[in-house]
Amino acid sequence: MQQKHRVTLCSLISLASMTVAVSAQPAKIAWVSFHAGDNAPSAGAASVGFTQAPDIGYTTLLTGAGYNVTRIVTANDFNVSSLYAYDLVIIGRGVDSSHYQQANETAAWNGFTGKLIDMSGYTLRGSRLGWTTGDTIPDTSGTVTLKPVGLHPIFQGIPVDGATGNMFNPFATAVTYTAYGTNVTARGISVNTNPLEGGGKVLATVGTPGDPAFGGALIALWGPDWSNPTADPQPGVTKINGGTDVLGGWRMAFLSGSRERDGISPQTAGIFDLTPDGAKLFLNSVNYFLTVVPEPSSVALFAIGGLALLLRRKKA
């Protein structure tokens, strides 16, 4: 019997080791966008002169940080259930907001039980996914300064000016790109200035005095029990979209990516606009979102539970 326990224990240790190895694999991120690949811009972007996806700066940043990024092309009536294969879903700025508008679409996206970050103010506004109460959505102008609210952990390593409460360095800058052979300046970040639905927690606002989007929530978080920041969202509690949808999981708004120049294809929206500190804040947010709720697999739980039981029996 003792030999049998020893064999079983060795098997469980081996299983646990394999589970740890699997869990150490890079997190899988789905990047939802107009563009099928970093070097495969959509037809609208290619017609302007792009030979790479306009939002390649974000996917390059993520892969450079060690994440496994897969591009997913935005579409009407998207099969949201296909996204459960990923650890995190990011809706980029470069999408068609009408794909997130119909009742079946908002129910599917809002009801998704995985973790999701939305970078487009147009998709989360009141008439789309309904994360805000309305559609007031000015664009930022020029260099963007960010004002943290409460110094959430995503601001770790980000200098903050004690006098103003803003980030010491800029968050994002204006973007210039080439369209039809001519250099043009894109519009800024589209920021919703209406109140948040569903008890969303504002983490940062536009802090640039005089900016059209001044005071608007640029980073916000939905889902957890705020008395216990590591708790899972409670099903059926966090209602969104005027109360018609229920959030199935954690959500973050992290608005970034330029708006297309007026009169040029909207498929050129979402060009990388972050400064070094802005990029660090984005990666901090992704890391926080991936790790804030521990998600051990059932196999790992079985292995650890089995080890504990056997060790207890052996000790007895």
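Residues numbered from 1 in each chain as written. Predicted model: local features only at pLDDT ≥ 70, side-chain atom pairs only at ≥ 80, totals over all residues. Heavy atoms only, no water.

Caption draft 1: Representation of the packing of aromatic side chains within the structure. Evaluated as defined, the whole model comprises eleven aromatic pairs. Relative to phenylalanine 282, the ring of tyrosine 58 has its centre 6.0 Å away and its plane inclined at 80 degrees; by these criteria the two rings are edge-to-face. Of this pair, tyrosine 58 sits in helix H3 (residues 56-64) while phenylalanine 282 sits in helix H6 (residues 276-291), and the two are 224 residues apart along the sequence. The exposure classification of tyrosine 58 matches that of phenylalanine 282, with both residues buried. Summarising the aromatic geometry, the rings of tryptophan 131 and tryptophan 222 are spaced 5.0 Å apart at their centres and angled 55 degrees between planes, so their arrangement reads as tilted. You can see tryptophan 131 sitting in the loop between helix H5 (121-124) and strand E5 (146-148) and its partner tryptophan 222 sitting in strand E9 (residues 217-222), a full 91 residues away along the chain. With relative accessibility at 1%, the residue tryptophan 131 sits in the buried group. Through successive ring pairs, a cluster of aromatic residues spans Trp31, Tyr58, Phe171, Phe254, Phe272 and Phe282. (Phe/Tyr/Trp six-rings, centres within 6.5 Å; stacked < 30°, edge-to-face > 60°. Helix = DSSP H or I, 4+ residues; strand = E, 2+ residues; numbered from the N terminus. Buried < 20%, exposed > 50% of the residue type's maximum accessible area, 1.4 Å probe, protein only.)

Caption draft 2: Fine view of the packing of H3 against H6. At a minimum axis distance of 11 Å, the contact between H3 and H6 shows a crossing angle of 60 degrees. With respect to H6, the axis of H3 lies oblique. Considering only the axes of H3 and H6, their crossing is right-handed. Mapping the contact onto sequence places Tyr58, Leu61 and Leu62 in H3 and Ala279, Phe282, Leu283 and Val286 in H6. (Axes fitted to C-alpha atoms, helices over the stretch in contact; angles between N-to-C directions. Parallel < 35°, antiparallel > 145°, perpendicular 65-115°, else oblique. Left-handed = near helix turned anticlockwise from the far one by under 90°. Contact = heavy atoms within 4.5 Å.)

Caption draft 3: Expanded view of the side chain of aspartate 139. Looking at the secondary structure, you find aspartate 139 in the loop between H5 and E5. Within the structure, the side chain of aspartate 139 is placed 2.7 Å from the side chain of serine 190, a separation counted as a polar contact. A distance of 2.8 Å separates a polar atom in the side chain of aspartate 139 from a polar atom in the side chain of arginine 259. Apart from residues no more than four positions distant in its own chain, aspartate 139 is found in contact with Arg187, Gly188, Ile189, Ser190, Asp211, Pro212 and Arg259. (Polar contact = N/O pair within 3.5 Å; in protein donor to acceptor, adjacent residues only side chain to side chain.)

Caption draft 4: Expanded view of the sheet that holds strand E4 (residues 116-118). Pairing is mixed in the open sheet, where eight strands are placed in the order E2-E1-E3-E4-E12-E9-E8-E5. Edge positions in the sheet fall to strand E2 (68-73) and E5, since each of these pairs with one other strand and no more. On average, each strand axis in the sheet is tilted by 20 degrees relative to the strand beside it, whichever way the strands run. Taken together, the four bridges between E9 and strand E12 (residues 251-254) define a ladder with antiparallel strand orientation. (Pairing = 2+ DSSP bridges.)

Caption draft 5: Local environment of the pattern of salt bridges. All chains considered together, the criterion is met by four salt bridges. The salt bridge involving arginine 71 is made with aspartate 38; its shortest N-O contact spans 2.7 Å. Taken together, the residues arginine 71 in strand E2 and aspartate 38 in the loop between strand E1 (28-33) and helix H2 (43-48) connect sequence positions 33 residues apart. Since its relative accessible area comes to 13%, arginine 71 is described here as buried. For aspartate 38, a relative accessible area of 27% gives the class partly exposed. Here aspartate 55 and arginine 71 are joined by a salt bridge, their closest N and O atoms 2.8 Å apart. A residue pair is termed long-range when its members are at least 10 positions apart, and aspartate 55 in the loop between H2 and H3 and arginine 71 in strand E2 qualify at 16 residues. Within the structure, one salt-bridge network assembled from shared partners comprises Asp38, Asp55 and Arg71. (Salt bridge = Lys/Arg side-chain N within 4 Å of Asp/Glu carboxyl O.)

Caption draft 6: Quick peek at the pairing of strand E6 (residues 176-179). Residues Tyr177 and Ala179 point to one face of E6 and are all buried, whereas Thr176 and Thr178, pointing to the other face, are not buried. With four bridges joining them, E6 and strand E7 (residues 182-185) adopt antiparallel strand pairing. Residue pairing in the sheet places threonine 178 in a bridge with asparagine 183 of E7. In sequence, E6 turns back onto E7 through a hairpin of two residues, with tyrosine 180 there showing a positive phi of about 55 degrees.

Caption draft 7: Spotlight on the nonpolar core. In this structure, Phe171 and Phe282 are the most contacted members of the largest nonpolar core, which totals 62 residues. Ranked by residues supplied to this core, first place goes to H6 with seven residues. With residues near it in sequence (within four places) discarded, phenylalanine 282 still touches Trp31, Tyr58, Leu61, Leu62, Ile90, Met119, Phe254 and Leu274. Among the nonpolar cores identified, the runner-up in size contains ten residues, and Ala45, Val48, Ala179 and Ala186 belong to it. (Core = buried A, V, L, I, M, F, W, Y, C linked by side-chain atoms within 4.5 Å.)

Caption draft 8: Layout of the confidence of the model for the protein chain. When pLDDT is averaged along the protein chain, the result is 82, and 80% of the positions lie at 70 or above. In this model residues 1-23 is a low-confidence stretch, pLDDT under 50, and it forms 19 contacts with partners more than four residues away in sequence or in other chains. Counting contacts from residues 296-316, a segment whose pLDDT is below 50, to residues more than four positions away or on other chains yields 20 contacts. (pLDDT = per-residue confidence, 0-100.)

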